[in-house]
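Here is what each chain is made of, one letter per residue.
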Amino acid sequence: MQKTFETELLKTQMEVQEQTLKTVAYDLHDNIGQLLSLTTITLSSVDLNDSPGAAEKLALVEDLTMRSIKEVKALSRLLHGEEIVSRGLAAAIDFELEWLRRSDKFKINYSYNKEVIDLDAVKATILFRLFQEIINNIIQHAKATEINIDLNQTYDLCTLQITDNGIGFNVDEALIRKSGMGLHNIVKRSAMLQGSANITSSPAKGSSIIIKIPQQPTTNGKLKN
């Protein structure tokens, strides 16, 4: 069982890295690439004989360049996926959602318990990957316009709930079909952490996934991860 757990953990870590690289590739192509193209076009249109116009365009080039630098720095932070998770699960989720907010395709509502005690690195990595998987499913299939994320921790339980207002689906059928493999992963990996995943959805009524991971209280009243 320990060997299986270690194998699944390694697989999860690799999936987090793979998803991070996909995000980087997307942003390089659709965001930074566009900024640099606009910079090139603006520079090529500068007319040195038109001082006021040239000054205005050079100011725009400076702004585009600064924005490009800011985006590259953000991508650099994103490449350190393990470092992101090490900041705490709540911060890691918020950082990931930053990229989604910038797309302007979804209304994102994120709340978390400010008293949350961070999970250990193993649990945080697996739960973070489950969050990524659920968000990816929403982006690709749900046709949602609003996503709600709630991360909460009580004395002995950490709960992650993600809901959307998308088209919904039949959960039983999705689990049977190949398209349900993502759902199988969510259920299986929640169980690996002695937790549970409750998936509810129905056509035209959106979806909700609640993952509950137990925390083990010690004799002195503190939580043991």
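See the structure printed just above.
Residues numbered from 1 in each chain as written. Predicted model: local features only at pLDDT ≥ 70, side-chain atom pairs only at ≥ 80, totals over all residues. Heavy atoms only, no water.

**Some points on the pairing of strand β5 (residues 207–214)**
Short version of the rule: Here, a strand pair is defined by DSSP locating no fewer than two bridges between the strands. A run of DSSP states H or I qualifies as a helix once it reaches four residues; a run of E qualifies as a strand once it reaches two. Both are numbered from the N-terminal end.
Strand direction decides the pairing type here: strand β3 (residues 157–164) and β5, joined by eight bridges, are antiparallel. Looking at β5, one finds that Ile162 is bridged to Ile209. The pairing of strand β4 (residues 196–201) with β5 spans six bridges and is classified as antiparallel. Within the sheet, the bridge partner assigned to Thr200 lies in β5 and is Ser208. Hairpin remark: β4 followed by β5, antiparallel, with five residues in the connecting loop; positive phi at Ala204, about 70 degrees.

**Quick look at helix α5 (residues 121–142)**
Note the cut-off: One fewer than the residue count of a helix, multiplied by 1.5 Å, yields its expected span. Relative accessibility thresholds used throughout: buried, under 20% of the residue-type maximum; exposed, over 50%; partly exposed, between the two (1.4 Å probe, protein chains only).
Relative to the 32 Å expected for 22 residues at 1.5 Å per residue, α5 spans 30 Å between its end C-alpha atoms, a close match to the ideal helical length. Here α5 lies mainly inside the structure; 16 of its 22 residues are buried. One or two steps after α5, the chain reaches Lys143, where phi turns positive at roughly 55 degrees.

**Brief notes about the environment of Leu89**
Mapped onto the elements, Leu89 comes out in helix α4 (residues 89–101). Given a relative accessible area of 5%, Leu89 falls into the buried group. C-alpha of Leu89 to C-alpha of Asp120: the two residues are 31 residues apart in sequence and 9.5 Å apart in space.

**A look at the packing of α4 against α5**
Spelled out, the test is: Think of each axis as a best-fit line through the C-alpha atoms, taken over the contacting stretch in the case of a helix, with angles from 0 to 180 degrees between the N-to-C directions. Oblique is the label for any angle not under 35 degrees, not over 145, and not in the 65 to 115 range, which are roughly parallel, roughly antiparallel and roughly perpendicular in turn. The sense of a crossing depends on the near helix, which, turned anticlockwise from the far helix by less than a right angle, makes the crossing left-handed and, turned clockwise, makes it right-handed. Residues are treated as being in contact if the distance between any of their heavy atoms lies within 4.5 Å. Polarity classes work like this: nonpolar for Ala, Val, Leu, Ile, Met, Phe, Trp, Tyr, Cys and Pro, charged for Asp, Glu, Lys and Arg, and polar for all others, with Gly in that last group.
Orientation of α4 relative to α5, taken along the N-to-C sense of each, is 25 degrees, at an axis distance of 10 Å. Judged by the angle between their axes, α4 and α5 are roughly parallel. The element α4 and its partner α5 pack so that their crossing is right-handed. On α5, the residues touching Leu89, Ala92, Ile93, Glu96, Leu97 and Leu100 of α4 are Ala124, Leu127, Phe128, Phe131, Gln132, Ile135 and Ile139. Across the contact of α4 with α5, the residue classes break down as eleven nonpolar, one polar and one charged.

**As for unusual backbone geometry**
Glycine aside, negative phi is the norm for most residues, and most peptide bonds take the trans geometry. Even without being glycine, Gln194 reaches a positive phi, approximately 60 degrees. When you line up the elements, Gln194 lands in the loop between α7 (181–192) and β4. Despite not being glycine, Ala204 shows a phi value in the positive range, around 70 degrees. Residue placement: Ala204 occurs in the loop between β4 and β5. Of the residues examined, Ala204 reaches a relative accessible area of 69% and is grouped as exposed.

**What to know about the packing of aromatic side chains**
Spelled out, the test is: Each Phe, Tyr or Trp ring (for Trp, its six-membered ring) is paired with any other whose centre lies within 6.5 Å, and the angle between the two planes then decides the class: stacked below 30 degrees, edge-to-face above 60, tilted in between.
Tallied over the full model, the rule gives two aromatic pairs. When the ring of Tyr110 is compared with that of Tyr112, the centres are 5.2 Å apart and the planes differ by 35 degrees; the resulting orientation is tilted. Using a relative accessible area of 17% as the deciding quantity, one classes Tyr110 as buried. A relative accessible area of 37% places Tyr112 in the partly exposed class. The interplanar angle of 25 degrees and the centroid separation of 6.1 Å between the aromatic rings of Phe128 and Phe131 together place this pair among those described as stacked. Here the residue Phe128 and the residue Phe131 both occupy positions in helix α5, the gap between them amounting to three residues, near one helical turn. You can call Phe128 buried: its relative accessible area is 4%. Overall, the relative accessible area of 1% leaves Phe131 in the buried class.

So yeah, pure geometry; function would need other evidence.
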